[in-house]
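# A structural walkthrough
Residue strings, one per chain:
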Amino acid sequence: MPSNLEIIKLKDLRLSARLISEQLRQGIHSGIRVGVGSEFEQYRHYQPGDDPKRIDWKYFSRSGKYMVKESTTDSNLHISLILDLSGSMNYSDGGFSRLEYAKNLLASLAYLGYLQGDSLSYYTLKEGEFTQKVAPTPKSFHRILYYLEQEKASGSWPLDVAQPTLPIDRNRELIVWVSDFLQKNEEWENLVESFRHPRKELMLVQLLGEQELDFNLQGNLVFRDLESGRELVRDGQVLKVEFRRNFQTYLDHLDVRFQQPQVHLLRESMQTPLASVARKILNLKKIS
């Protein structure tokens, strides 16, 4: 399978989503079957893995294109994807940024939801404000890819974060939030608490670089805060022990605070294969 760097450097979220999701096509859940519902919604191009019986041969005779009729029964799962766009998402490790990794991961999850017929929505958090970019419609997947392609991370993480007002869906909801989950006080903890609801499963995907997880730099180094722009010159060897101790203390704190019903914290290195992280997200909650 292509490496993370090879997938991200494609700079084509639609293609990368298919590559990442190909091994996960068994799906998020079995409550929906795409293509066998009674209500026709749209055509899409035939893809490897589709049942050839679903090809509209009359359409092919007119156009020469292999098209599949897509229809769904009512989905019993809504998936909300939320992306942190604060400046620290620009952190780079292994030739790509945390933001690029997050975009490709969310694109693959949106693609899986699209194939399963789930309703999809997409939100961003930037400068303390939540914005709904995509509401649940039959074309949500395509619109999510459109916005993901354009997203840029900038600005500092605010002390005061506006409490979001997400609609309570009558069906089950899976909320996947991708961030580094770095905070100044307890902003993330308060946000997570505000999201909790009996019909919501919250998946917190914490993406960290190798140097964040295992600081191992030496010599005089210039450290730059990606949010404030401040720079600090320190000796890497001297800083290593202090950094590891403080960072591990913070991670342990999050582990304890996020041990709540229907809240799942998944901490992953940016070097972990994208498909592996996607699989873990789906397996955290057996929705079947």
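Before any of the text, the structure's been laid out above.
Summarised in this report is the structure supplied together with it. The shown structure was predicted, so the numbers you read here are calculated from the model rather than taken from an experiment.

### So, the pairing of strand 7 (residues 129–134)
Here 5 bridges tie strand 6 (residues 119–126) to strand 7, and the two strands are oriented antiparallel to one another. Its bridge partner being in strand 7, Tyr123 is matched across the sheet by Gln132. Between strand 6 and strand 7, which pair antiparallel and follow one another directly, the connecting turn spans 2 residues, one of which, Glu127, has a positive phi of 55 degrees.

### Describing helix 5 (residues 140–150)
Among the residues making up helix 5, those that are buried are Ser140, Phe141, Ile144, Leu145 and Leu148. Mapping the buried residues of helix 5 onto a view down its axis gives an arc of 135 degrees, with all of them on the same face. Elements in contact with the buried residues of helix 5: helix 2 (13–21), strand 3 (77–84), helix 4 (98–116), strand 6 and strand 7.

### Considerations on the pattern of salt bridges
Scanning the entire structure with this criterion turns up 10 salt bridges. The partner of Glu268 in a salt bridge is Lys280, and the shortest N-O contact between them spans 2.8 Å. With a gap of 12 residues between them, Glu268 in strand 12 (residues 263–269) and Lys280 in helix 9 (residues 274–284) connect regions that are remote in the sequence. Note on Glu268: relative accessible area 7%, which makes it buried.

### Some remarks on the side chain of Glu189
Along the polypeptide, Glu189 turns up in helix 6 (residues 187–195). A relative accessible area of 3% places Glu189 in the buried class.

### Quick look at unusual backbone geometry
Residues other than glycine predominantly adopt negative phi, and peptide bonds predominantly adopt the trans conformation. Phi angles above zero are rare outside glycine, and Lys11 is one such case at about 55 degrees. Its location among the elements puts Lys11 in the loop between helix 1 (4–8) and helix 2. At Glu127, a position not held by glycine, the phi torsion is positive, near 55 degrees. Here Glu127 is to be found in the loop between strand 6 and strand 7.

### With respect to the nonpolar core
Of all hydrophobic cores here, the largest spans 47 residues; its most connected members are Leu81, Leu83, Tyr101, Leu105, Leu109, Val176 and Ile281. Counting residues per element, this core draws most heavily on helix 4, which supplies 12 residues. Ignoring anything within four residues of it in the chain, the contact list for Tyr101 reads Asn4, Ile8, Phe96, Leu207, Ser269, Met270, Thr272, Pro273, Leu274 and Val277. Core analysis: the second largest hydrophobic core is formed by 21 residues, Trp157, Leu208, Phe247 and Tyr250 among them.

### Focus: the pairing of strand 12
Counting buried positions along strand 12 gives 5 out of 7 residues, so the element sits mostly inside the fold. Pairing of strand 9 (residues 200–208) with strand 12, which is carried by 7 bridges, proceeds in the parallel orientation. Pairing of Leu208 across the sheet is with Ser269, part of strand 12.

How each quantity is defined
Residues numbered from 1 in each chain as written. Predicted model: local features only at pLDDT ≥ 70, side-chain atom pairs only at ≥ 80, totals over all residues. Heavy atoms only, no water. Pairing = 2+ DSSP bridges. Helix = DSSP H or I, 4+ residues; strand = E, 2+ residues; numbered from the N terminus. Buried < 20%, exposed > 50% of the residue type's maximum accessible area, 1.4 Å probe, protein only. Arc of directions from axis to C-beta. Contact = heavy atoms within 4.5 Å. Salt bridge = Lys/Arg side-chain N within 4 Å of Asp/Glu carboxyl O. Core = buried A, V, L, I, M, F, W, Y, C linked by side-chain atoms within 4.5 Å.

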